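# Coordinates in review
The residues making up each chain are set out below.
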Amino acid sequence: MFSVITVSDSCAAGKATDTSGPHLVELIKQSLKTDTVNYLLIPDEEDLIKQSLIYACDVLKVRAVFTTGGTGFAPRDVTPEATRAIITKEAPQLTLAMTLCSLEKTKFAVLSRAVCGVRNKTLVVNFPGSKKAVGECFQSIVDVLPHLLNLLSEGEIERVRETHRKVQATGDGPVPQEVYHVCPHATGKGGDDRNSPFPMIDVNDALRQILATIPSVQTARKQLSRVNIPPFRASIKDGYALKSIGGKGMKKVIGYISAGDAIVQTNFTIDECYKINTGAPVPQHADAIIQVEDTKLVSRKNDYESIVEILAEPSASLDIRSIGSDLRMSEEVFQYRFPLDACQRALLAAVGEKASVVKLKVAIISTGDELLHPYDTSAAGDASSLEGKIFDSNTTMLVALVRQCGFTEDQCEIQQRVVKDDFESLKAEIESLTGAVHIIICTGGVSMGDKDFVKPVLKALNYELIFGRVNMKPGKPCAYATSKVTKFFGLPGNPVSAFVTFHLFALPALRQYLATLNETAPNAAKASLPMITVELLDAKYVLDPRPEYARASIVSRNGKLLASITGGQISSRLKSTIEADVLLELPARTETKPYITAGTPLKALVLRSDFISRYE
């Protein structure tokens, strides 16, 4: 277990976004082969820094704590002082290694006061506050970290001895490669190295990094009522309006009141009443409604009731909705959430307000020389023109998914395009959209093919590439990049991969961005798909080396939810989505658990409201 602590007043106060801490978490996970990295964001308070370090070392007993920030000369830069106060041994050569590496990049490296040391069996390392400096300093010491951590652990003595034997056998050179992990940032340099240069991050980290780049506001936008509902005393029942002091007995019917009529101002006696409909305004001098079921018709005159007998004892305010009983003027109607749903729209209409929405602008692009417009009839009579071609389904699917998820035309403006696998064509298309739309969702061109130009184009257009691969099936090549206004999702070209990664990554971002545009705090809990627990119905399913998001249908059997995987799960088989009610979260295969069987409890992400296919 490891810990990362970001020390920053501005980030802790929500005035800035921490990029160094999350970046350091990913470096640790990839380089030190761990999935457990605690992350903490705190202000530049010396006592709080000390307490946080001591807690990580003495309570959590992590193998190493890495801090970022607070190592300079500003008045509030006190991380080195706090660190020096809690360590039991200093490690000045680690600090020297980082300094020498940083000096090769910038002369300002001399201004860092970072401290490295050990508290009991925990390594403590200070890094500067910038994302770039964190990466450089981490790389300068990553080769020796496994050996250093082994030295601190009594259970790793044999590994320490083996390292010493190999170092002695190879002279004063670096520790041989097999002793430590090669950071994936070093791959993809060309020549014989044909691996992706992008580290593979997990799904939760990918989503967290995406949402950290989407603008957000802190205060929810509120809708106030400008009217009372009801604006008059209204009858709850079809019945008779009367004075409660008159009690039950015979009453003369002196009038009829329907919904929409004016309020009757005329006074009347205790032996008289008005017949009244549900929702109609109660006469000014009446204080009770007796429902039709509690009366008896005594006589009629010219097809109109003239005398009724009241069988129930009336009481003041019986079956009358008072003014503003549902909603009072200036009362909060709701706090906005976006996309606007039917209930919010209904309440807006009830208070006489129109929905005022700043539209989210989205562009959906498919890339590929092989793609034909799905409704292109020009090639229908020419078989040769169809050779090597396929009809594009991705743009149609993604536009429909955006609409299906509540982004109606009055809330979201969508452009859709198909672009050839050509660097300049793709660059021109993305460049024209950058700054003009809020989100680009692009499918294809993100893997390792000769014509996969998306990532090079993003680099050429000065996008910041947040990640380039995700540890998942399907969707591993998924990429995400950001510019000042436009956020870019590079989804894989296989339609199922695009389907899955849209729901996991693009949909939460769409929801957060639309909320922010409309000055509303996003609801993080509702940004992602809702999760339920189900049991596997299939007899056996062989697990993949990567965590998998399988499409599954849901059966309700005696109140228990059972998931049945929808046939072949290859990422090109779009049919697997047709009967899919959920995305089933499957763990990665291990030596001890190569498959799962019927009855295994699993988490499932709900794709639609009617997610139960059948009841048994």
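Residues numbered from 1 in each chain as written. Predicted model: local features only at pLDDT ≥ 70, side-chain atom pairs only at ≥ 80, totals over all residues. Heavy atoms only, no water.

### A look at the nonpolar core
Judged by nonpolar contacts, the single largest core of 56 residues is most densely connected at Ile-441, Phe-502 and Phe-505. A per-element tally of this core places helix 14 (residues 495-517) first, with 13 residues. Residues lining this core come from more than one domain, with at least three contributed by each of domain 3 (360-526) and domain 4 (529-615). Not counting residues up to four positions away in its chain, the partners in contact with Phe-505 are Val-203, Ala-206, Leu-207, Ile-210, Val-470, Met-472, Cys-478 and Phe-489. Counting residues in hydrophobic clusters, the runner-up holds 28 residues, among them Leu-27, Ile-28, Cys-137 and Leu-145. (Core = buried A, V, L, I, M, F, W, Y, C linked by side-chain atoms within 4.5 Å. Buried < 20%, exposed > 50% of the residue type's maximum accessible area, 1.4 Å probe, protein only. Helix = DSSP H or I, 4+ residues; strand = E, 2+ residues; numbered from the N terminus. Domains from an automatic or database assignment. Contact = heavy atoms within 4.5 Å.)

### Topic: the domain arrangement of the protein
What the domain assignment reports for the protein is domain 1 (2-158), domain 2 (234-321), domain 3 (360-526) and domain 4 (529-615). Of the residues lining the interface, 16 residues belong to domain 3; the matching set on domain 4 comes to 17 residues. When domain 3 packs against domain 4, the two sides together hide about 1,600 Å² of surface, and 68% of this comes from carbon and sulfur. At the boundary of domain 3 and domain 4, one finds one salt bridge. Among the salt bridges present, the one from Asp-544 reaches Lys-473, with a minimum N-O distance of 3.4 Å. Taken together, the links from domain 3 to domain 4 amount to four residue pairs in polar contact (both at pLDDT 80 or more). No other element matches helix 14, which puts eight residues into the side of domain 3 that touches domain 4. (Buried area = accessible area lost by both parts, 1.4 Å probe. Salt bridge = Lys/Arg side-chain N within 4 Å of Asp/Glu carboxyl O. Polar contact = N/O pair within 3.5 Å; in protein donor to acceptor, adjacent residues only side chain to side chain.)

### A closer look at the sheet that holds strand 10 (residues 239-242)
Read from one edge to the other, the open sheet built from six strands follows the order 13-10-12-11-15-14, with strand pairing classed as mixed. Looking along the sheet, the strands with just one partner apiece sit at the ends: strand 13 (288-291) and strand 14 (295-301). The sheet shows a mean angle of 35 degrees between the axes of neighbouring strands, direction not considered. Pairing geometry for strand 14 and strand 15 (residues 304-310), over six bridges, is antiparallel. Bridged to Arg-300 within strand 15 is Glu-305. (Pairing = 2+ DSSP bridges. Axes fitted to C-alpha atoms, helices over the stretch in contact; angles between N-to-C directions.)

### Side note on the side chain of Gln-512
Tracing the backbone through its elements, the reader meets Gln-512 in helix 14. Overall, the relative accessible area of 10% leaves Gln-512 in the buried class. A polar atom in the side chain of Gln-512 sits 3.1 Å from the backbone oxygen of Leu-211. Every residue in contact with Gln-512, bar those within four places of it in the chain, is listed here: Leu-211, Ile-214, Pro-215, Ser-216 and Pro-522.

### Observations concerning the pairing of strand 12 (residues 272-276)
Taking burial as the measure, the five residues of strand 12 include four buried ones, the bulk of the element. One ladder, built from three bridges, connects strand 10 with strand 12; its direction is antiparallel. Considered in strand 12, the bridge of Ala-241 is made with Tyr-274.

### A look at the packing of aromatic side chains
The full count for this structure, using the stated rule, is twelve aromatic pairs. Ring geometry for Phe-127 and Phe-138: centres 6.4 Å apart, planes at 70 degrees, overall edge-to-face. With Phe-127 in strand 6 (residues 122-127) and Phe-138 in helix 6 (residues 131-141), the pair connects residues that are eleven residues apart, well separated along the chain. The burial state of Phe-127 is the same as that of Phe-138; both residues are buried. Among the aromatic residues, those joined into a cluster by ring pairs are Phe-467, Tyr-480, Phe-489 and Phe-505. Directly above the ring of Phe-73 sits Arg-113, whose terminal nitrogen or CZ lies 5.7 Å from the centroid. (Phe/Tyr/Trp six-rings, centres within 6.5 Å; stacked < 30°, edge-to-face > 60°. Lys NZ or Arg CZ within 6 Å of the ring centre and 35° of its normal.)

### Let's talk about a nonpolar patch on the surface
A surface patch of nonpolar side chains, amounting to about 710 Å² of accessible area, comprises Phe-73, Leu-96, Leu-100, Leu-103, Phe-108, Val-110 and Leu-111. With respect to the helices, strands and loops of the structure, Phe-73 is situated in the loop between strand 3 (64-68) and helix 4 (79-86). Residue classification places Phe-73 among the exposed positions, given a relative accessible area of 60%. (Patch = residues over 30% accessible without salt bridge, like charges linked within 9 Å, V, L, I, M, F, W, Y side chains within 5 Å. Areas by Shrake-Rupley, 256 points an atom, 1.4 Å probe, with all protein chains shown as cover.)

### As for the sheet that holds strand 1 (residues 2-7)
Pairing between the strands of a sheet comes from backbone hydrogen bonds, and it takes one of two forms, parallel or antiparallel. Here six strands make up an open sheet; going across it, the order is 2-1-3-6-5-4 and the pairing mixed. Since the sheet does not close on itself, it has two edges, and those belong to strand 2 (37-42) and strand 4 (89-90), each with one partner. By the bridge criterion, five bridges tie strand 3 to strand 6 in an arrangement that is parallel. Note on strand 6: the bridge partner recorded for Thr-67 is Asn-126. Contacting strand 1, strand 3, strand 4, strand 5 (116-119) and strand 6, helix 4 runs over the sheet at an angle of about 165 degrees to strand 6.

### What to know about the packing of helix 2 (residues 20-31) against helix 9 (residues 203-213)
Where helix 2 meets helix 9, the axes come as close as 11 Å, and the angle between the chain directions of the two elements is 160 degrees. Judged on the interaxial angle alone, helix 9 and helix 2 are roughly antiparallel. Considering the relative orientation of helix 2 and helix 9, their crossing is left-handed. Each of Pro-22, Glu-26 and Lys-29 in helix 2 lies in contact with helix 9, whose residues at this interface are Asp-205, Arg-208 and Gln-209. Per-class residue counts for the contact of helix 2 with helix 9 are one nonpolar, one polar and four charged. (Parallel < 35°, antiparallel > 145°, perpendicular 65-115°, else oblique. Left-handed = near helix turned anticlockwise from the far one by under 90°. Nonpolar A, V, L, I, M, F, W, Y, C, P; charged D, E, K, R; others polar.)

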